[in-house]
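Okay, here's what each chain looks like letter by letter:
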Amino acid sequence: MSRSLLSVDDLGAAGIQSIMRLSDSFAEVSSRSIPRVPALRGKTIAALFYEDSTRTRLSFEAAAKRLSADVMSFAVKSSSMSKGESLRDTVQTLGAMGADAFVVRHASAGAARLVSRWTDAAVVNAGDGWHEHPTQALADCYTLHRRFGGAAFTMAGLHAVIVGDVKHSRVARSNVKAFTALGARVTLVGPATLMPPCLDGWPVSVEVDLDRVLPDADIVYLLRLQSERTDESLLPSQREYTARWGLTRRRAALLPGRATVMHPGPMNRGVEIDPEVADREFCVVGDQVRNGVPVRMAVLFWLLGSGLPTGESSGQVLAVDGGDAHQPDSIGASDEEVR
Amino acid sequence: MSTEAESAPPVMGGVFAARAQVLGPDDVSRALTRIAHEIVERNKGTAGLVLVGLQTGGVPLAESLSSLLTSIGGQAVPVGRMDISFYRDDLGLRPVAPEEATFIPADLTGRVVILVDDVICTGRTVRAALGALADYGRARAVQLAVMVDRGHRELPIKADYVGKNLPTRRDEHVEVSAGGVAIGELV
């Protein structure tokens, strides 16, 4: 079994920092006139997208192509899935065609983990239900690193405020893990109906009043409000949400000068964020998308091209894909366990 | 400064144990001065030259050569650094991770690029570097300068400027550092 990236937990702080360091090299590759290296020549990456996605899917495809890998892309609507083929059969079919890695987006939490049990190929979770979206969190951390600078890749001393529909957000879950792993303090803000029912063990504090936390925020991470949440009676109306938790012009004025505003996209301008505020310099949504490609290159290179020597273990031989790799005993073993 | 990248494949890291000092710091600086003059002689000056040091051992040597060439030619010779991890032919056989992002100071099209590394052995690092260089433009010529040539070539590659030819066994390890050149083993 190869290694996989199913959750931010698979990396830990040292792993995130190694991916950041690798991303620097791939950002340099992406800036060239010929943004392509032969690192994954001959590898095949299958993109299994069971949910609609534009940016994540194109970002992974661009990353794979810049590494010279071949991409097998799979759109559910035009595939045998519409004829009733199961996820497992699809994975085994693509595995038989020689896929070295699967990039999986699925509406059910744990789908990527299931896929990793059924295949010897590496698996990247590109979003599973309400659970996790680790490469988005890595792209966000890298964006913050580029913005705040520093060679250490840490977020110590930074206060991140995550606003909105935390309950249904895989992005929020992955980012809470990544931000806190790197040393940031995280506050969740939003209506009680959109908070997870149980936050025991989460290293976060919870606040209802956004105005109170904004003056002390280094990072404001706005989550997308899906319109069906108002239909589910979790919110009285979108206007009510905007009035209490939207980043309006008045609230933007409460932010300290160093603050950065992030959003995983696609943005509902006028709902989570004022249309004019979204275009201000502190809003780094464009950078989040741009940095997605080098970060995903780093993830694919880590999974397929190389071991990932971290600070403490450089020089050690890490498991690489292939039959002679060390076999972790448990499914989805963390990087530490693989070592 | 490890030269593990050029050593025989079975050697996978370890701590370098020096057995003999081959060149002292003064010998290295004399060799660099000689190489700088050879570069000027062969290229009839320093115009159009770009130095590219290979991570990690070649980078400080390239920087020293750049300042020597600048003082000989009277005009700044740009120096960059290149990490060839993504171009290696042994990816997947062992952990490979870039030390630092590549930095190329100029468009290489039409320039004479002098690759600088500390040790050449199999030639595979240089092959990878030639592949990487092509992605930065079509250099008019590429020349190779190394501090130590160990032999054991596996590819038809030859250095243009050599600090010292040093016959070695494959299981030996050569370390080039600020303290000079030492030969020993990885243990």
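Residues numbered from 1 in each chain as written. Chains lettered and ligands numbered in written order. Predicted model: local features only at pLDDT ≥ 70, side-chain atom pairs only at ≥ 80, totals over all residues. Heavy atoms only, no water.

### A look at the overall build of chain B
When helices and strands are tallied, chain B shows 3 helices and 8 strands. In sequence order, the secondary structure elements of chain B are arranged as β-α-β-α-β-β-α-β-β-β-β. Whereas a compact globule of 187 residues would reach a radius of gyration of roughly 16 Å, chain B reaches 16 Å, a difference of no more than 12%. In terms of overall dimensions, chain B has C-alpha extents of about 45 × 35 × 30 Å along its principal axes. Out of the 187 residues in chain B, the part that is buried amounts to 52%. Contacts spanning at least 24 positions in sequence make up 73% of the contacts within chain B whose residues lie at least 6 apart. Accessible surface, chain B as shown: approximately 8,000 Å² in total, 53% of it carbon and sulfur. Between the averaged position of the 19 positive side-chain charges in chain B and that of its 23 negative side-chain charges there is a distance of 6 Å. (Helix = DSSP H or I, 4+ residues; strand = E, 2+ residues; numbered from the N terminus. Rg over C-alpha atoms; globule rule 2.2 N^0.38 Å. Buried < 20%, exposed > 50% of the residue type's maximum accessible area, 1.4 Å probe, protein only. Contact = heavy atoms within 4.5 Å. Areas by Shrake-Rupley, 256 points an atom, 1.4 Å probe, with all protein chains shown as cover. Lys, Arg positive; Asp, Glu negative; His and termini not counted. Charge placed at Lys NZ, Arg CZ, Asp CG, Glu CD.)

### Section: the sheet that holds strand 7 (residues 173–177) of chain B
All names here are of chain B. Strand order in the open sheet made by the 3 strands is 1-8-7, with antiparallel pairing throughout. On the outer flanks of this sheet lie strand 1 (16–23) and strand 7, each paired with one strand and no other. Taken pair by pair, the neighbouring strands of this sheet meet at an average axis angle of 35 degrees, ignoring direction. Strand direction decides the pairing type here: strand 1 and strand 8 (residues 180–186), joined by 6 bridges, are antiparallel. Bridging from a neighbouring strand, alanine 18 pairs with glycine 184 of strand 8. (Pairing = 2+ DSSP bridges. Axes fitted to C-alpha atoms, helices over the stretch in contact; angles between N-to-C directions.)

### A few points about the domain arrangement of chain A
All names here are of chain A. Domain boundaries assigned for chain A yield domain 1 (8–133 + 290–323) and domain 2 (135–287). For domain 1 versus domain 2, the distance between C-alpha centres works out to 26 Å. Listed by partner, the interface residues are 31 residues for domain 1 and 29 residues for domain 2. Here domain 1 packs against domain 2, burying approximately 2,600 Å² in sum over the two surfaces, 58% of which is carbon and sulfur. There are 4 salt bridges connecting domain 1 and domain 2. In this structure, lysine 177 engages glutamate 132 in a salt bridge whose closest nitrogen and oxygen atoms are separated by 2.6 Å. Summed over the shared surface of domain 1 and domain 2, the result is 18 residue pairs in polar contact (both at pLDDT 80 or more). Broken down by secondary-structure element, the contributors of at least two residues to the side of domain 1 that touches domain 2 are helix 1 (12–30), helix 2 (55–66), strand 3 (101–106), strand 4 (122–128) and helix 11 (285–305). The leading source of residues in the side of domain 1 that touches domain 2 is helix 1, at 9 residues. Grouping the constituent residues of the side of domain 1 that touches domain 2 by class yields 12 nonpolar, 9 polar and 10 charged. (Domains from an automatic or database assignment. Buried area = accessible area lost by both parts, 1.4 Å probe. Salt bridge = Lys/Arg side-chain N within 4 Å of Asp/Glu carboxyl O. Polar contact = N/O pair within 3.5 Å; in protein donor to acceptor, adjacent residues only side chain to side chain. Nonpolar A, V, L, I, M, F, W, Y, C, P; charged D, E, K, R; others polar.)

### Focus on the environment of A:Val295
Residue and element names in this part refer to chain A. Mapped onto the fold, valine 295 is located in helix 11. Overall, the relative accessible area of 0% leaves valine 295 in the buried class. Here the alpha-carbon distance between valine 295 and tyrosine 221, two residues 74 residues apart in the chain, equals 19 Å. The residues touching valine 295, leaving out its near neighbours within four places in the chain, are Ile19, Ser23, Thr135, Leu138, Ala139 and Tyr142.

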